[in-house]
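Letter by letter, the chains look like this.
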Amino acid sequence: MKKRRNYNLILGLALTCAMVGLIVMGWLWTPFDPNAMDPASRLQSPSLTHLLGTDNFGRDIFSRVLQGAGATFLIGVAVVLIGGVCGVLIGGFCGYYGGWLDDLLMRSADIITAFPSILLALVIISLIGAGKYRIIIALGVLFIPSFSRLVRGEVARCKSQEYVANARLMGAKDLRVLFVHILPNTFPVLLSSLAIGFNNAVLAEASMSYLGIGVQPPDPSLGRMLSEAQTYFFSAPWYALSAGCAIVLLILGVGLIADGLGGRRRRDRA
Amino acid sequence: MLEVKDLSITFLDDGAKAVDSISFSMAPGERLGLVGESGSGKTVTALAIAGLLDRGRVRTEGQILFQGLDILSCKESELLKIRGKDVGMVFQEPMTSLDPLMRVGPQIEESLRVHSKLTARQRKALALQVMQHVDLPDPETTYRKYPHQMSGGQRQRAMIAAAFISRPKLLICDEPTTALDVTVQAQILNLLLRINEQSDVGLLFISHDLSVVRRLCQRVAVMYKGRIVETGPAEQVFSDPQHEYTQRLVAAIPSRGKGRRQ
Ligand SMILES: Nc1ncnc2c1ncn2[C@@H]1O[C@H](COP(=O)(O)OP(=O)(O)O)[C@@H](O)[C@H]1O
Ligand SMILES: [Mg+2]
């Protein structure tokens, strides 16, 4: 059997590893203090001292991009974690047991997913207030319905497979059947959705920070940098470009992984 | 050991009666064949006996007495006690009857995990022994394989090992050889025969192929559209079929020498 190279997956993994490497570096060390202002060196273009130039307060953009990407990355991961874990539990139990609770939860999920998620996030934010951690909660909760639905569908599919009947016949109890035999078999599908979910979370965080309700100043976030940069788009284009490229690269890497995983699954099924 | 009395099974979603008041019984260690064309209700009957029907989705009438316990009306907890210990089942499709993400060895041990107090080491030793018994090649290596690394015949042997490891009283085989090619089919049939003769496990062998059932079983029940239309000793049903449907089945068996088609 000759293996076909999965270039999307390889490229995506490489890009994401590079990004994560930079992000981890940003947590440990940055060339400058990302929040240190220096009125003497405002809006400088990229140079050897300031790799990506400086912003309107004279802060080093490279350092801010590193830490901003870190914040964005953490928010994305936390959101996907909340949505994924709750989605797996809710979808798992709904798909396995069915019944009226299943009907109720899935109809609710239908209703919630019918609205644009950024709109709902704004509603939640207006209720609980803005800030980094509140954004994580708002987006995480909003991601639960779609993950639940996905997992529920996969569980329902796996449940009718003979190996599940076989496990039950061998005496495995419900929880073991669900957690050992069914849920792991939903992960291949779940994995690429998690990657897509991560990207949506990154974009949502960027949009919300752009609107000023996400990460609060002076902490850097890619979305807020983008929003601040637009004033100086013509005088200091490197500011907007740095923040924008960081978002694009982060999303591109994870998007390629999602695509690669999906492609591998399609070939496996064939 | 097993007694099915006036069993009827109706699917609630479409109201179709898949099984219509069938009755038969099995003695310990007996090999009973259940024959019929596809869609005649064989699998549904097998699932009912194994207690695997979704009680919320079907309506059942009649009784299935297995060692005195009524499978249809007993509590789920009582079912758990006999599942994997007293009843084993081998499914038709070896591609889908093993968990694709779990190594084969642990799957063979599954019923021991629930029903025995053996340690992991003892379970593995027993699994290797049973794998040897069902002629799986190189048990130590096979133990660590995933289902997709095995052939259809090997997977079916693994299924038999899993079903047999806790020495059940009844082994239900639902068309276990239909998906296999002819030579492997013959090997699996011989294996089932050997297992039956060496222990007191009863075989409920389900097939659409009367000639296979004739080779293996002592008694035959012929199913047609959810009903059992004829029962009797295999040779007798085969040589002197009473029901018109059985006669057609027998006539459809290609005789030796004419060349068998797959
Ligand atoms: N899950 C199900 N839901 C509804 N009808 C079913 C289901 N499973 C089987 N049936 C029906 O029950 C009948 C018997 O099916 P089955 O026992 O699988 O036949 P066999 O195994 O003899 O080929 C068929 O008519 C089929 O349509
Ligand atoms: Mg069948």
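Residues numbered from 1 in each chain as written. Chains lettered and ligands numbered in written order. Predicted model: local features only at pLDDT ≥ 70, side-chain atom pairs only at ≥ 80, totals over all residues. Heavy atoms only, no water.

Enquirer: What am I meant to see in the overall build of chain B here?
Expert: Within chain B, the secondary structure is distributed over 10 helices and 10 strands. On C-alpha atoms alone, chain B measures out to a radius of gyration of 18 Å, which is about the 18 Å that the 2.2 N^0.38 rule sets for 262 residues. Across the 262 residues of chain B, 53% fall into the buried class. Within chain B, counting contacts between residues at least 6 apart in sequence, those at least 24 apart form 66% of the total. Surface summary for chain B: the accessible area is close to 11800 Å², and the carbon and sulfur share equals 48%. The average position of the 34 basic charges and that of the 30 acidic charges among the side chains of chain B differ by 5 Å. (Helix = DSSP H or I, 4+ residues; strand = E, 2+ residues; numbered from the N terminus. Rg over C-alpha atoms; globule rule 2.2 N^0.38 Å. Buried < 20%, exposed > 50% of the residue type's maximum accessible area, 1.4 Å probe, protein only. Contact = heavy atoms within 4.5 Å. Areas by Shrake-Rupley, 256 points an atom, 1.4 Å probe, with all protein chains shown as cover. Lys, Arg positive; Asp, Glu negative; His and termini not counted. Charge placed at Lys NZ, Arg CZ, Asp CG, Glu CD.)

Enquirer: Before we go on, may I ask you to explain the interface of chain A and chain B in this structure?
Expert: Taken together, the contacts link 17 residues of chain A with 27 residues of chain B. In terms of surface lost to chain B, no three residues of chain A exceed E162, L169 and M170 of chain A, which account for 37% of the buried area on that side. In this structure, the connection of chain A to chain B is made through 1 salt bridge. Inspection of the chain A/chain B interface yields 6 residue pairs in polar contact (both at pLDDT 80 or more). Broken down by secondary-structure element, the contributors of at least two residues to the side of chain A that touches chain B are α6 (162-169) and α7 (174-210) of chain A. Here the residues of the side of chain A that touches chain B sort into 7 nonpolar, 5 polar and 5 charged. (Buried area = accessible area lost by both parts, 1.4 Å probe. Salt bridge = Lys/Arg side-chain N within 4 Å of Asp/Glu carboxyl O. Polar contact = N/O pair within 3.5 Å; in protein donor to acceptor, adjacent residues only side chain to side chain. Nonpolar A, V, L, I, M, F, W, Y, C, P; charged D, E, K, R; others polar.)

Enquirer: Looking at this model, I keep getting lost on the packing of aromatic side chains. Mind explaining?
Expert: Two descriptors summarise a pair of aromatic rings, namely the distance from one centre to the other and the angle between the planes of the rings. Evaluated as defined, the whole model comprises 7 aromatic pairs over all chains. Consider the rings of Y96 of chain A and Y97 of chain A, whose centres lie 5.1 Å apart with planes at 90°: the pair is edge-to-face. On the basis of relative accessibility, which here comes to 45%, the residue Y97 of chain A falls in the partly exposed class. Relative to F234 of chain A, the ring of F233 of chain A lies with its centre 5.6 Å away and its plane at 90°, an arrangement referred to as edge-to-face. Through a chain of ring-to-ring contacts, the aromatic side chains of F93, Y96, Y97 and F179 of chain A assemble into a single cluster. Lying over the aromatic face of Y96 of chain A, K159 of chain A brings its terminal NZ or CZ to 5.6 Å of the ring centre. One cation-aromatic arrangement involves K124 of chain B over Y143 of chain B; the distance from NZ or CZ to the ring centre is 4.7 Å. (Phe/Tyr/Trp six-rings, centres within 6.5 Å; stacked < 30°, edge-to-face > 60°. Lys NZ or Arg CZ within 6 Å of the ring centre and 35° of its normal.)

Enquirer: How should I be thinking about the layout of surface pockets in this particular structure?
Expert: Gaps left between atoms are located by rolling a probe of water-molecule size over the structure's atoms. In this structure, the second largest pocket spans a volume of roughly 1100 Å³. Along its surface, the second largest pocket is lined by 36 residues, and K159 and R168 of chain A together with L52, L53 and D54 of chain B are the ones closest to its centre. Those elements that provide at least two residues to the lining of the second largest pocket are α2 (61-97), α5 (132-159) and α6 of chain A together with α1 (42-49), β4 (58-66) and α2 (76-82) of chain B. Here the lining of the second largest pocket is built from residues that sort into 18 nonpolar, 7 polar and 11 charged. (1 Å grid on protein atoms, 1.4 Å probe; cavity = no way out; pocket = protein on both sides within 12 Å on 5 of 7 lines; lining within 4 Å. Points joined across faces, edges and corners; volume = space filled by probe spheres on them.)

Enquirer: Teacher, can you tell me more about the pairing of strand β8 (residues 202-207) of chain B here?
Expert: Consecutive residues of a regular strand have side chains that alternate between opposite faces of the sheet. Residue and element names in this part refer to chain B. Counting buried positions along β8 yields 6 of 6 residues, so the element is predominantly enclosed. A two-sided burial pattern is seen for β8, the buried positions comprising G202, L204 and I206 on one face and L203, F205 and S207 on the other. As paired elements, strand β3 (residues 31-35) and β8 share 5 bridges and run parallel to each other. In the sheet register, G33 faces β8, and the bridge partner there is F205. Inspection of the sheet shows strand β7 (residues 170-174) paired to β8 by 5 bridges, in the parallel sense. Paired with L171 across the bridge in β8 is L203. (Pairing = 2+ DSSP bridges.)

Enquirer: Got a minute to help me understand α6 of chain A in this structure?
Expert: In an α-helix, one turn spans 3.6 residues; hence positions three or four apart end up facing the same way. Residues and elements named next belong to chain A. Within α6, 7 of the 8 residues are buried, leaving the element largely enclosed by the surrounding structure. Turning to α6, its buried residues number three or more, namely Y163, V164, A165, N166, A167, R168 and L169. Within two residues after α6, G171 carries a phi angle of roughly 100°, on the positive side.

Enquirer: Explain helix α1 (residues 7-28) of chain A to me, please; I cannot follow it from the model alone.
Expert: Residues and elements named next belong to chain A. In this model α1 runs 32 Å from its N-terminal to its C-terminal C-alpha over 22 residues, within 8% of the 32 Å that 1.5 Å per residue would give. Where α1 is concerned, the buried positions are L9, G12, T16, M19, I23 and G26. Taken down its axis, α1 places every buried residue within 115° of arc, on the same side. Relative to its buried face, α1 has exposed residues pointing more than 90 degrees away, namely Y7, L11, C17 and L28. (Expected span 1.5 Å × (residues − 1). Arc of directions from axis to C-beta.)

Enquirer: Got a minute to help me understand the site of ligand 1 in this structure?
Expert: Residues and elements named next belong to chain B. Near ligand 1, the surroundings consist of F11, A18, E37, S38, G39, S40, G41, K42, T43, V44 and R57. Here T43 contributes a side-chain N or O atom positioned 2.6 Å from an oxygen atom of ligand 1. Within the backbone of V44, an N or O atom sits 2.9 Å from an oxygen atom of ligand 1. Its free accessible area being 560 Å², ligand 1 has 64% of it covered by the protein chains. At 3 residues, the largest contribution of residues to the shell around ligand 1 is made by α1. Split by residue class, the shell around ligand 1 holds 3 nonpolar, 5 polar and 3 charged. (Near = heavy atom within 4 Å.)

That's the geometry; what it means functionally is another story.
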